[in-house]
Amino acid sequence: MSWIPQHFDESQLLSGDEFSEIAYELVGEEVQRLSVVNSLPALLQGSDGPLCMQRIVPKILLALDKASKEFHVAAALTFYTILEKKLVHPKTYAETFLRSMVEHIDFKVPEVAAIWLDVLLDAIALLPIDAIRAEVLPVAINKGQISQPVSSRIKSCRLLGKASLRLDMFYLKKELLPVILSLCQDVNHEVRACICTELSNIVKALDADVSKTMLLPSLVELASDEEALVRISAVSTIVEVLGYLTPDTIKNTILPLVKKLCTHARSSEDDVLVSISFQIGKLSLGLQNYMAPNEKQWILHFYQDMAQLGTLVKDTRKTFPMPDFNMSGNADRLILCRQNCAYNFPAMAIFCANLGDAYSDQLYTTFCALTSDPYFMVRRTIACGFHEVTHVLGPNCGKLKRELVKLLRDDVEEVLQGLIPHLSKTMELLAKYRELGPENMDPQSMEIGRAVLKCEAEISETHNWRLHSMLMSQLECLPLCLPSEFLHNYFIPIIFSRIHKSRAVPCRIAAARTLLVFLRYNPKAPQRNDLRTRIVNEDKVANVRMQVAGYFPRLKAMLRLPSDKKLQVALESSVRRMAANETDRDVRSMLVASMEKMDRMPIRDESISPAQLTKDDLDDQRKAEEENRLAALKVEGARRRNEVPVPPSRVPPVAPVPGGIKKGSGKAAEYRAAAPRGRLSGGTPTTVVRNPAMARQVMIVAS
């Protein structure tokens, strides 16, 4: 189809060359048409925007009637972009683009009509109120009549629900509420389900008294509908409107209605039970302030019953016996119920935490059952929220250590994918409440360490290198959680192995960074020296030695005479010893370049005033203070273990870190911020910790 009539005169084209080319493109293939539609916002932004509206837009609107689905998608998105960016006057937009959108929600191709309806619903949030009243609401009211097809009445429900959020209460009550109440009584259950879903938006636009007198009776009736689809919509609507109702309405109407829905769902084999299991967390927290103690106990038991559906576990509680489900026909539904219960467990933990320890102890049995569920997706879901449950329990989180071990030892990769992204947060919370720690040697803590090793070994054998790299990064928290002796004996060999043998570079980088964190926060000097020696000596491709050779000029730049005279002699001795023993060609080349640079460098005098300090000098001073702080912590830890008795006068002062640590960053974030960055293979430069204490360490290793 040609977009330009046969009698079209070329002289009528726009004056600019750009518009002339576009006008010719409109006669071309579909790709050219799509290009024109997609470029329409850019054309309207230019100086020739009015001419574009006059010549190009009418042809685009004319082509929509016989265009392809792809063209309709492009046009719908373009029309929304024009509205979002306010490229044309609101009145002009309403008379052209908006009218076209409203017309095409009834397009003969259902998929295309659905696209236009979705775009129109999004556009209502941006349209002027006058445009909504003039162009959208008359169509919505007309489509809501009982004489219209079911598809039209469903479209009316969606348009009325979206438009309600933009209208004032008096207009809504007078003009739209009669149509809404009529749709609530519609003979078709799909229409009733759709308007029931939209009632949440309508309630938000009305005040509580109007909602109670005019909408609440309809909601109660829809919640008792014979069709499961309508009752499912009612469950979602109840959750959404809880914050917009008065306390009396919730106590006297909503709470009995919820109990009725739950009781009916337990006795029926439909999908309402799945919907309730998905919303149970929001329902419990939204209703807890209006429930009596026996009602709170009821909803907790109801949740526990749903969490065990289909697991063939005998329920000893006689208060609310579950129905005898036909497992062959409801197995998938019951699995979804348990998975939804696992998803809502953090919310239920909050619910029980507000009630007391007795309720939390009851809920713990459900947690154990979910972590041992026979279906792996249930275990994955509970693993995804494990850190949230740990946070909610707070000082009582120690009871979760056994379940953490259980999930870490899970053989299904999907379960580990849910647990690992927040493993460090979980273990840091356990350390915060002294359930884990560098001095904690109880059997459960050691079992967690062995479970982490088993988890790492399991993931390293898969092809999921992203998960393996993530786990290596999560291990940075271990110096805070496990004894250094345990880490040195069991984790360090594994990390060295991953540095050298992992195929994926991100895994090797994450392992190297974790190794540096272990080195920085290891309180025992012999273990630190052993780690430094292994870092230098075990690199088979000599990358580390080459990096050390490149550090020598920087180390010399940190020296200050005369107090660092001994360090100068030690540095020169280390350089000569390395030059005499090194056999690798690349390392020798780097060493020669460093020696030449050192020969040209003067050594600064320490009498420089603070005003003459450079940015690097200030950075060195900050890092030196950080080293002093760590040294003080290590000495204090050694004193507590009675390993190195040190008089108080010998303990170095704890220097504050400039700027402090960001609030809420966590210990792992502190590790990452303080740890030096480096590489063991590849060519990425390394950041050096430049202070005299580190200078001594590097010179000792190099020698």
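Position numbers for residues count from 1 along each chain, tracking the sequence in the order it is written. Thresholds applied to this predicted model are a pLDDT of at least 70 for local features of residues and 80 or more for the giving and counting of side-chain atom pairs; totals over whole chains, interfaces and linings are not thresholded and use all residues. Heavy atoms from the whole structure form the basis of all side-chain values; hydrogens and water molecules are not counted.

Q: Can you walk me through the nonpolar core in this structure?
A: In a soluble, globular protein the nonpolar side chains are often hidden away together inside. Residues grouped as a nonpolar core are buried Ala, Val, Leu, Ile, Met, Phe, Trp, Tyr and Cys residues, joined through side-chain atoms within 4.5 Å. Residue burial is assigned from relative accessible area. The probe radius is 1.4 Å, only protein chains are included, and a residue is buried under 20% of its type maximum, exposed over 50%, and partly exposed in between. Within the largest apolar cluster, 172 residues are counted, with the highest numbers of intra-cluster contacts made by Y93 and F491. For F491, the residues in contact, after removing those within four places along its chain, are G449, V452, L453, L475, L478, L482, F486 and F518. Counting residues in hydrophobic clusters, the runner-up holds 15 residues, among them A542, M546, L559 and L567. Every residue pair with non-hydrogen atoms within 4.5 Å of one another is taken to be in contact.

Q: Sorry, what's going on with the packing of aromatic side chains here?
A: Think of it this way: a Phe, Tyr or Trp ring, Trp meaning its six-membered ring, pairs with another when their centres are within 6.5 Å, and the plane angle makes it stacked under 30 degrees, edge-to-face over 60, tilted otherwise. Tallied over the entire structure, the rule returns ten aromatic pairs. Residues W298 and F302 carry aromatic rings whose centres are separated by 5.7 Å and whose planes lie at 10 degrees to one another, so their mutual orientation is stacked. Of the two residues, W298 and F302 both sit in helix α16 (residues 293–307), four residues apart, roughly one turn of that helix. Like F302, W298 is buried. Their ring planes at 45 degrees and their centres at 5.0 Å tell us that F345 and F367 sit as a pair that is tilted. Here F345 is found in helix α18 (residues 345–353), whereas its partner F367 is found in helix α19 (residues 357–371), with 22 residues between them in sequence. The pair formed by F345 and F367 is uniform in burial state, with each residue classed as buried. Counting every residue linked through ring pairs, the aromatic cluster contains F79, Y93, F97 and W116. One Lys or Arg, K399, reaches over the ring of Y364 and ends 5.7 Å from the middle of that ring. Each helix is a run of H or I in the DSSP string that is no shorter than four residues. Each strand is a run of E no shorter than two, and both are numbered from the N terminus. Both a distance and an angle decide whether a charge sits over a ring: NZ of Lys or CZ of Arg must be within 6 Å of the ring centre and within 35 degrees of the ring normal.

Q: Is there a simple way to think about the environment of I420 in this case?
A: Assignment of secondary structure puts I420 in the loop between α23 (413–419) and α24 (423–432). By relative accessible area, I420 is classed as buried at 0%. The sequence separation of I420 and H468 amounts to 48 residues, and the corresponding C-alpha distance is 9.3 Å. Not counting chain neighbours up to four residues away, the residues in contact with I420 comprise C455, I459, L467, M470, L471 and Q474.

Q: Help me understand the UniProt feature "repeat: HEAT" (unreviewed entry) in the chain in this model?
A: UniProt positions are given in the numbering used here, feature names are shortened, and annotations may be inferred rather than shown by experiment. Per the UniProt annotation, the sites labelled "repeat: HEAT" (unreviewed entry) are residues 176–214 and 215–253. Along residues 176–214 the backbone is 85% helical and 0% strand, and the end-to-end C-alpha distance reaches 12 Å. Secondary structure content for residues 215–253 is 77% helix and 0% strand, and the end C-alpha separation is 12 Å.

Q: Help me understand the pattern of salt bridges in this model?
A: A side chain of one charge can pair with a side chain of the opposite charge when the charged atoms of the two come close. Put simply, a salt bridge is a Lys or Arg side-chain nitrogen that is within 4 Å of an Asp or Glu carboxyl oxygen. For the coordinates displayed, the defined rule picks out 20 salt bridges. Across the pair D410 and R379 runs a salt bridge, and its minimum N-O distance is 2.7 Å. Here the residue D410 occupies a position in the loop between α22 (401–408) and α23, and R379 occupies one in helix α20 (residues 376–384), the gap between them amounting to 31 residues. The burial state of D410 is the same as that of R379; both residues are buried. Residue E403 pairs with K406 through a salt bridge whose shortest N-O separation is 4.0 Å. Of this pair, E403 and K406 are both found in helix α22, three residues apart, which corresponds to roughly one turn of the helix. Residues joined by salt bridges that share partners form a network here, namely D106, K143 and K155.

Q: Is there a simple way to explain α24 in this structure?
A: Side chains that are three or four residues apart share a direction in an α-helix, a result of its 3.6 residues per turn. Across the ten residues of α24, eight count as buried, placing the element largely inside the fold. Within the sequence span of α24, burial applies to L423, S424, T426, M427, E428, L429, L430 and A431.

Q: I keep staring at helix α10 (residues 169–184) and nothing clicks. Help me out?
A: Residue count minus one, scaled by 1.5 Å, sets the expected span of a helix. With 16 residues, α10 ought to run about 22 Å at 1.5 Å a step, yet its terminal C-alpha atoms sit only 19 Å apart, falling short of that. Note on bend: the value at a residue is the angle between axes fitted to the seven residues ending there and to the seven starting there. Most pronounced at L176, the bend in α10 amounts to some 55 degrees, and the proline P178 follows within four residues. Considered for burial, the residues of α10 that qualify are Y171, L172, L176, L177, V179, I180, L183 and C184. Lining the buried residues of α10 we find α8 (129–143), α9 (150–164), α11 (189–205) and α12 (208–223).

Q: Explain the side chain of N522 here, please?
A: Structurally, N522 is set in the loop between α29 (505–520) and α30 (525–537). The exposure class assigned to N522 is buried, which follows from its relative accessible area of 6%. Counted as a polar contact is a pair of N or O atoms within 3.5 Å, where, for protein atoms, one must be capable of donating a hydrogen and the other of accepting one, and residues adjacent in sequence contribute only when both atoms are in side chains. Among the polar contacts made by the side chain of N522, one reaches the main-chain amide nitrogen of K524 at a distance of 2.9 Å. Within the structure, the side chain of N522 is placed 2.9 Å from the side chain of Q527, a separation counted as a polar contact.

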